[in-house]
Amino acid sequence: METITLREFHQARWNEPVIMEMSTEGERGILVPLAEKEIAAMVGDGVSVLGGIKRKSKLALPEVNQPLVNRHYIRLSQENQGADNSLGISQGTCTLKYSPKVQEHTVGRHPGLVGVHPLQAEESMQGILKIYYETEQIMKEIGGMDRVSFLPASGGHAIYANAQIISAFHKANGNTHKNEIITTLHSHPVDAAATSILGYRVITLLPDEKTGLPCLDEFKAALSDKTAGIFITNPEDTGIYNAQIDKFTQAAHDVGALCAYDQANANALLGIARAREAGFDLMHFNLHKSFSSPHGGGGPGCGALGCTAELAPYLPKPTVEFDGSKYYLDYDRQKSIGYVKAFLGNFPVVARAYMWCMSLGAEGLKQVAITSVLNNQYMTQEIIEKVPGVSLHFAPGIRRMEQTRLSFDKLFEQSGGLGVDAVNARLVDYGISELWQSHHPFTVPEPFTPEPCDSYNKNDMDYFVQVLKTVATECLENPSKIASAPHKASRHLPKHVMGEDFSVIATTWRQYTRRFR
């Protein structure tokens, strides 16, 4: 590796208050003109018709001027790290890729997109429905499915909807005895969680230490007449691809089970392999990952749910149809699992995915997958060879696909207790957001999972490896510097608070004022 200069990075520190605390009574950012007399005479005051649904108190909104709002949110952005100002390589399983700004400009400003109201007539939103319809044709081709719905708002939402479809299908066919779902330990945990919510008994298969994958014989032993379906992520979260997946789906079909493919990690397979040829009946893509729409800080997203023709009647409603002359919404679906999202779901996410796919074309999408795998295999080898204290668990001789679950377990032992949390505290000093570790449970000690997808070049990966090497070396040679990190972040020594500690969490202003003021 050539000499790499580490960046002189330093986050802004604004000590910025919550915008509600910046409010000044009577201050306005915009003065809305009063309605013209003729309009007021025609519609009245617009309030008295509300009757009992009228608010009893004023809406709690900040009273601030425009320059203050502008300064406030720019300052907050300067205290953040994200895909536009740091390397998203660290956020494995997220496929944190670059979202072309022409997409953001179009989705955010085009009058034909931002001016649409969900209740307007179908005849007046033919362009929107055409985007849905054509994006469905693209996703059908990529996944090999017969229908695709864009109503689920996330991958987990799509998995839950797939579980609902499986349940509805078996009930319609009198298979009420089918009450078990099979998944694997390194599939996404939501595959087990979403299905268990519906009352299914979940059987989780453990990986073989040599292959890192579930054993086919153990899978067949877990199958029975009670098996309603299987939910599998492939490649699994370790980055290992199960080349025998068609044998798994065939064995499941032999006992009358349906097969659902969790393809949230699809970046390595676009244009290379399809869910249909692997034997799956259902699948989903994350448009907010593999198809370049931003994650949006936990939302909005879109889990593109695909299925075979046999299961299409059970799709959420409405579906977008085309009769040869116009596009329309089909609500009259007798077997549908019903509504899973208001109106048409998160349209901006679908629009971005449509633009991204159309700009790349079929060959471009295939290059996305090839580049993603090539990047990961190069960078994984660089990390293992050059970063001290790193090890690779599960099938060390098998190449990973688009991401790799690595471990700082050796570093933890050699440094006397400085592992991935210590590394994360120091990483931000070099302009890199913290390492994504692993879904629970942690089957790998001191885990971290980088993913250098198609948006990154060799210089990006080399810089990332050099930062990891520098920080890991500091853990061994200068632990006091690590112990006091981060030094250049917007907040010093932040507390790591788990999500279930509700004593220190407030998600709304009302909750905050009741709890802490």
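None of the values given here were measured: they were computed from a predicted structure. (Residues numbered from 1 in each chain as written. Predicted model: local features only at pLDDT ≥ 70, side-chain atom pairs only at ≥ 80, totals over all residues. Heavy atoms only, no water.)

## Quick word on the packing of aromatic side chains
For the structure on display, the rule yields 14 aromatic pairs. Relative to Tyr512, the ring of Trp509 has its centre 5.5 Å away and its plane inclined at 35°; by these criteria the two rings are tilted. Here Tyr512 and Trp509 lie together in helix α15 (residues 509-516), a separation of three residues that amounts to about one turn. The partly exposed category is assigned to Trp509, whose relative accessible area is 25%. On the numbers, 5.7 Å between centres and 45° between planes, the contact of Tyr512 with Phe516 is tilted. Of this pair, Tyr512 and Phe516 both sit in helix α15, four residues apart, roughly one helical turn. Residue class for Tyr512 comes out partly exposed when judged on its relative accessible area of 27%. (Phe/Tyr/Trp six-rings, centres within 6.5 Å; stacked < 30°, edge-to-face > 60°. Helix = DSSP H or I, 4+ residues; strand = E, 2+ residues; numbered from the N terminus. Buried < 20%, exposed > 50% of the residue type's maximum accessible area, 1.4 Å probe, protein only.)

## Observations regarding the pairing of strand β6 (residues 282-286)
Most of β6 sits out of view: five of its five residues are buried. Two strands pair when backbone bridges link them, and strand β5 (residues 258-263) and β6 are joined in this way by four bridges, in the parallel orientation. Following the sheet pairing, Ala260 is matched in β6 by Leu282. Where β6 lies against strand β7 (residues 303-307), five bridges are found, and the strand directions are antiparallel. In the strand pairing of β7, Phe285 is matched with Ala304. (Pairing = 2+ DSSP bridges.)

## Some details on empty space enclosed by the protein
Left-over empty space is what a probe sized like a water molecule reveals as it rolls over the atoms. Taken as a whole, this structure holds two cavities of 30 Å³ or more when the rule is applied. As for the largest cavity, its lining consists of Tyr132, Glu136, Val148, Ser149, Phe150, Leu151, Pro318, Thr319, Val320 and Leu344. Among the residues forming the lining of the largest cavity, the class breakdown is seven nonpolar, two polar and one charged. Taken as a whole, the second largest cavity spans an internal volume of roughly 60 Å³. Residues of the lining of the second largest cavity, tallied by class, amount to three nonpolar, six polar and two charged. (1 Å grid on protein atoms, 1.4 Å probe; cavity = no way out; pocket = protein on both sides within 12 Å on 5 of 7 lines; lining within 4 Å. Points joined across faces, edges and corners; volume = space filled by probe spheres on them. Nonpolar A, V, L, I, M, F, W, Y, C, P; charged D, E, K, R; others polar.)

## Focus: a negative patch on the surface
A grouping of Asp208, Glu209, Asp217 and Glu218 is seen on the molecular surface, where their side chains present a negatively charged patch. Following the sequence through the fold, Glu218 ends up in helix α8 (residues 216-222). (Patch = residues over 30% accessible without salt bridge, like charges linked within 9 Å, V, L, I, M, F, W, Y side chains within 5 Å. Areas by Shrake-Rupley, 256 points an atom, 1.4 Å probe, with all protein chains shown as cover. Salt bridge = Lys/Arg side-chain N within 4 Å of Asp/Glu carboxyl O. Lys, Arg positive; Asp, Glu negative; His and termini not counted. Charge placed at Lys NZ, Arg CZ, Asp CG, Glu CD.)

## Focus: a nonpolar patch on the surface
A cluster of nonpolar side chains, contributed by Val47, Val49, Leu50 and Ile53, occupies part of the molecular surface with about 390 Å² of accessible area. Following the sequence through the fold, Ile53 ends up in the loop between α1 (37-43) and α2 (66-78). Look at Ile53 and you get exposed, because its relative accessible area is 70%.

## Some details on the side chain of Ser86
Of note, Ser86 is situated in the loop between α2 and α3 (101-109). Of the residues examined, Ser86 reaches a relative accessible area of 10% and is grouped as buried. In this structure the side chain of Ser86 is engaged in a polar contact, spanning 2.8 Å, whose partner is the backbone oxygen of Gly82. Every residue in contact with Ser86, bar those within four places of it in the chain, is listed here: Gln81, Gly431 and Ser433. (Polar contact = N/O pair within 3.5 Å; in protein donor to acceptor, adjacent residues only side chain to side chain. Contact = heavy atoms within 4.5 Å.)

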